[in-house]
Amino acid sequence: MLVAALSLVSCSKDEGPSGGALSGDAASRVYVAPGQKDEFYSFVSGGFSGQLAVYGIPSGRLFRVIPVFSVDPEKGWGFTEETKPMLNTSHGFVPWDDAHHPDMSQTSGVADGKWVFINGNNTPRIARIDLTDFRTKEILEIPNSAGNHSSPFSTENSEYVVSGTRFSVPIPQEDISITQYSEKFRGALTFVKVDKTSGQMDIDFQLLVPGFDYDLARAGKGPSHDWMFMSCYNTEQANTMKEINASQNDKDFIIAINWKKCAELAAQGKGTMMNVDYAHNVYNDATHSATSTIKKQIRILTTADIKGALYYMPTPKSPHGCDVDPSGELIVGGGKLATVIPVMSFSKMLKAIESGKFDKEIDGIPVLNYKDCLAGEVVRPGLGPLHTEFDGKGYAYTSMFVSSEIVKWSLKDFKVVDRVPTYYSIGHLNIPGGNSTKPWGKYVIAYNKITKDRYLPTGPELTQSAQLFDISGDKMKLLLDFPTIGEPHYAVACPADLIMKNSRKMYQLKENKHPHATLKEADTKVVRSGNEVHVYMTSIRSHFSPDNIEGVKVGDKVYWHVTNLEQDWDVPHGFAVIGANNSELLIMPGETCTMLWEPKRAGVFPFYCTDFCSALHQEMQGYVRVSNGGSGQVSWNKK
């Protein structure tokens, strides 16, 4: 049925005047004049590119791709000696991942523009991106997890970001038959503590729960501040043909977690310490270098350790999205196969818990009664409800994957008040601040999986897309389509002023503590240590120093430590040398970066600046001589 419906929507080419077609003034409403700036930053997951893209809203202009989990030769990410440790894991160097859900740090439930967190889905990791310089500063591996999909979702003051496993696995891992799924496989919900000042993360505790598939989550707000809500499916505990076998139950669950109570118990030493290996990678702004540490233990809490802190709320059917409205009272499930959108009431949930009236228990977790927790249902919403965002004006917007539309409904009476088509197969959607207590409800952006007939064809693979809708009036109006990188999943957005005021323009040379930094040309040098040659080089418009080097031998390992001496905004320098089995260096003003080069033949080889930096950029070049044998006595020219 899903495939048939998808085929229908994918083949629809007509866009009638009432079906989301561009209105006459759409172009003017997304036009940002030359020299003017967009109103919002939007941070969009790059999906299987492993990166995070930064767009301006309403123009849809792409400003930057921030490398996170995947190597990026443009910026040298994962290729320079300084950044290689960022991609270390307990499995070794992992240069790729599948990034799904950015979430911005919050203060009192409002986006504060400090950091964006995002998950690595395949090799479970959470990254933190610093919004002063748009760089990934920390990557934390999540042990006992597999398919880090329900991640990373911030609590109201970013006390924690939370990670839930999509695939339950044996915990601890062991060599057992997959047919033992229901007896041996468990889910892990990980609470990562975030330092309020530095943003630094580490695992505080992990909950072991029944072996379901944990999918998406949101933290409570206001009255529900102490709680986290997370959808889960496959309550049948199927381990094969899940599209059939994990869709048997009419209802699965949203698990309600009193995270504050769990944190208090963890702080009291409840639970047990489990031996695990997980990587904690941190980039240091002073040394311009990353370090990777393999940590060895985490605290495990079982349901027996935290009685009264976990409850299951039945939710139809195969729930995906799990979203909390700005008041913190309503919890919205997005059942992929459900015919309604269920809206649960936090206050009713508390009353049900207080009454002690439960349908049953699963592994010590009480299952509440569906109707006892229900605030209401959105009836006939469309097909395939997934995700819900809020405009702060009393309305919710739910993406409908199968019927390819956004449905607007009232939080007061749960009636549908508007719907618009998307092109096609919308997944996530985003309203700036739409997951917070203070949405900036001016636009909603749809993130679509399929774009047949929307753009110039590019062979078998077509771009995914975003679509911008005006939601300032009663009816949603399509304003703009724009393509995205990778596969866009979720996105977060906030007013540009929150971030612009703190944007870093350069790295101060006087603060550069890189162990191989060269802070003035007079100190440039070349040093041999065995078969290692270290070139301490500077770059400034428009030359390198030194730019003639001799004494390197075939088989040497040459480390080019290049410091950009510029102290001016937007003047990076690049560095590349022929035959490097590596990427370029792209060095920001005041920064030091290192490339490893292993010459394999004798000769004289040029190097040059790869980033056009001045009128004499072409002259910014040099030579290195490589010899077979010889003394290896290095020499260089000084300026």
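Residues numbered from 1 in each chain as written. Predicted model: local features only at pLDDT ≥ 70, side-chain atom pairs only at ≥ 80, totals over all residues. Heavy atoms only, no water.

Novice: Sorry if this is basic, but what is going on with the overall build of the protein chain here?
Specialist: Scanning the protein chain from N- to C-terminus turns up eight helices and 46 strands. Computed over C-alpha atoms, the radius of gyration of the protein chain comes to 27 Å, within 12% of the 26 Å expected from 2.2 N^0.38 for 639 residues, which places it in the range of a compact globule. By residue count, 59% of the 639 residues in the protein chain fall in the buried class. Considering only residue pairs separated by 6 or more positions, the protein chain has 62% of its internal contacts joining residues 24 or more positions apart. Summing over all exposed atoms, the protein chain offers an accessible surface of approximately 25,100 Å²; the carbon and sulfur share of this is 53%. Put simply, the protein chain has 64 plus and 72 minus side-chain charges, and the middle of one group is 2 Å from the middle of the other. (Helix = DSSP H or I, 4+ residues; strand = E, 2+ residues; numbered from the N terminus. Rg over C-alpha atoms; globule rule 2.2 N^0.38 Å. Buried < 20%, exposed > 50% of the residue type's maximum accessible area, 1.4 Å probe, protein only. Contact = heavy atoms within 4.5 Å. Areas by Shrake-Rupley, 256 points an atom, 1.4 Å probe, with all protein chains shown as cover. Lys, Arg positive; Asp, Glu negative; His and termini not counted. Charge placed at Lys NZ, Arg CZ, Asp CG, Glu CD.)

Novice: Would you mind showing me how to read unusual backbone geometry here?
Specialist: Glycine aside, residues mostly have negative phi angles, and peptide bonds mostly take the trans form. A cis amide bond, omega 25°, links Ile-57 with the succeeding residue Pro-58. Inspection of the secondary structure puts Pro-58 in the loop between strand E2 (52-57) and strand E3 (62-66). Going from Ser-545 to Pro-546, the amide bond is cis rather than trans, its omega being 0°. With respect to the helices and strands, Pro-546 occurs in the loop between strand E38 (543-545) and strand E39 (548-553). Positive phi is not limited to glycine here, since Asn-144 has a value of about 65°. Residue classification places Asn-144 among the buried residues on the basis of a relative accessible area of 16%. For Ser-158, which is not a glycine, the phi torsion comes out positive at approximately 50°.

Novice: How do you make sense of the environment of Asp-226 when you look at a structure like this?
Specialist: Following the sequence through the fold, Asp-226 ends up in the loop between strand E15 (213-219) and strand E16 (227-233). A residue is classified by how much of its surface remains accessible, and Asp-226, at 28% relative accessible area, is partly exposed. For the pair Asp-226 and Asn-258, spaced 32 residues apart in the sequence, the C-alpha separation amounts to 5.7 Å. Apart from the residues lying within four places of it in its own chain, the contact partners of Asp-226 are Ile-257, Asn-258, Trp-259 and Lys-260.

Novice: How should I be thinking about the confidence of the model for the protein chain in this particular structure?
Specialist: Atomic detail in the predicted coordinates should be set aside for any region of low pLDDT. Across the protein chain, the average pLDDT comes to 95, with 96% of residues at 70 or higher. For residues 1-20, every residue scores under 50 in pLDDT, and the model assigns this stretch 27 contacts once sequence neighbours within four places are set aside. (pLDDT = per-residue confidence, 0-100.)

Novice: Honestly, the sheet that holds strand E45 (residues 621-627) in this entry has me stumped. Any pointers?
Specialist: Either a parallel or an antiparallel arrangement is found when strands of a sheet pair, and the pairing is made through backbone hydrogen bonds. If you walk across this open sheet you meet the six strands as E42-E41-E44-E45-E39-E46, and the pairing is mixed. This sheet does not close on itself; its edge strands, each paired only once, are strand E42 (585-587) and strand E46 (635-636). With four bridges connecting them, E39 and E45 associate as parallel partners. Each residue of the ladder has a partner; that of Ile-549, found in E45, is Val-624. (Pairing = 2+ DSSP bridges.)

Novice: Explain the state of the cysteines here, please?
Specialist: As used in these notes, a disulfide is a covalent bond between sulfur atoms, one from each of two cysteines. Here the structure, examined in full by the defined rule, presents zero disulfides. The cysteine Cys-322 is free of any disulfide, with Cys-232 supplying the nearest cysteine sulfur at 9.4 Å. Free cysteine Cys-609: the closest other cysteine sulfur is in Cys-613, separated by 4.1 Å. Given a relative accessible area of 1%, Cys-609 falls into the buried group. (Disulfide = S-S within 2.5 Å.)

Novice: Help me out: how do you make sense of the pairing of strand E21 (residues 319-324) in this one?
Specialist: Walk down a regular strand and you will see the side chains alternate between the two sheet faces. Buried residues dominate E21, accounting for six of its six residues. Between E21 and strand E22 (residues 330-335), which pair antiparallel in sequence order, lie five residues; one of them, Gly-328, sits at a positive phi of approximately 85°.

Novice: Before we go on, may I ask you to explain the sheet that holds E2 in this structure?
Specialist: Strands sit in the order E3-E2-E1-E35 across an open sheet of four strands; the sheet is antiparallel. Edge positions in the sheet fall to E3 and strand E35 (491-495), since each of these pairs with one other strand and no more. Strand after strand, the sheet turns through a mean of 20° between neighbouring axes, direction not considered. Examined bridge by bridge, strand E1 (residues 40-45) and E35 share five bridges and lie antiparallel to one another. Residue pairing across strands places Ser-42 opposite Ala-493, the latter belonging to E35. (Axes fitted to C-alpha atoms, helices over the stretch in contact; angles between N-to-C directions.)

Novice: How do you make sense of the environment of Tyr-278 when you look at a structure like this?
Specialist: Note on placement: Tyr-278 falls in strand E18 (residues 272-284). Apart from residues lying up to four places away in sequence, Tyr-278 is in contact with Leu-140, Glu-141, Pro-143, Asp-202, Ile-203, Thr-293, Ile-294, Lys-295, Gln-297 and Ile-298. At a separation of 3.1 Å, a polar atom in the side chain of Tyr-278 contacts the side chain of Asp-202. (Polar contact = N/O pair within 3.5 Å; in protein donor to acceptor, adjacent residues only side chain to side chain.)

Novice: Looking at this model, I keep getting lost on helix H5 (residues 259-267). Mind explaining?
Specialist: One full turn of an α-helix is made of 3.6 residues, so residues set three or four places apart face in the same direction. What H5 keeps buried is the set Trp-259, Cys-262, Ala-263, Leu-265 and Ala-266. Buried residues along H5 cover an arc of 165° about the axis, so they all sit on one side. Residues of H5 that are buried in the fold lie against strand E11 (160-164), strand E13 (185-194), strand E14 (201-210), E16, strand E17 (251-258) and strand E19 (289-301). (Arc of directions from axis to C-beta.)

Novice: Mind showing me how you'd approach helix H6 (residues 346-355) here?
Specialist: For H6, every residue scored as buried is listed here: Phe-346, Met-349, Ala-352 and Ile-353. Down the axis of H6, the buried side of the element spans an arc of 115°, and every buried residue falls inside it. For H6, the exposed residues set more than 90 degrees away from the buried face come down to Lys-351 and Glu-354. Where H6 is buried, its residues contact E16, E17, strand E20 (310-316), E22, strand E23 (340-345) and helix H7 (370-373). Where H6 ends, the next residue or the one after it, Gly-356, has phi of about 70°, a positive value.

Novice: How should I be thinking about the packing of aromatic side chains in this particular structure?
Specialist: To describe a pair of aromatic rings, one takes the distance between the centres and the angle between the planes. A full pass over the atoms with the stated rule returns 27 aromatic pairs. Taken together, a centroid distance of 6.0 Å and an interplanar angle of 20° make the contact between Tyr-41 and Phe-43 stacked. This pair shows no difference in class: Tyr-41 is buried, exactly as Phe-43 is. Relative to Phe-605, the ring of Trp-597 has its centre 6.1 Å away and its plane inclined at 75°; by these criteria the two rings are edge-to-face. Phe-605 sits in the buried class, given a relative accessible area of 13%. (Phe/Tyr/Trp six-rings, centres within 6.5 Å; stacked < 30°, edge-to-face > 60°.)

Novice: Got a minute to help me understand the side chain of His-489 in this structure?
Specialist: If you trace the backbone, His-489 turns up in the loop between strand E34 (477-483) and E35. A polar contact of 3.4 Å, which involves the side chain of His-489, links it to the side chain of His-100. Apart from residues no more than four positions distant in its own chain, His-489 is found in contact with Ser-45, Gly-47, Ala-99, His-100, His-428, Tyr-447 and Lys-449.

Novice: Please clarify how the pattern of salt bridges should be interpreted in this entry.
Specialist: Here the idea is simple: oppositely charged side chains can pair when their charged atoms come close. Scanning the entire structure with this criterion turns up 30 salt bridges. For Asp-202, the salt bridge goes to Lys-295, with nearest N and O atoms at 2.7 Å. Taken together, the residues Asp-202 in strand E14 and Lys-295 in strand E19 connect sequence positions 93 residues apart. A relative accessible area of 24% means that Asp-202 is categorised as partly exposed. Residue Lys-295 is classed as partly exposed on the basis of its relative accessible area, which comes to 24%. (Salt bridge = Lys/Arg side-chain N within 4 Å of Asp/Glu carboxyl O.)

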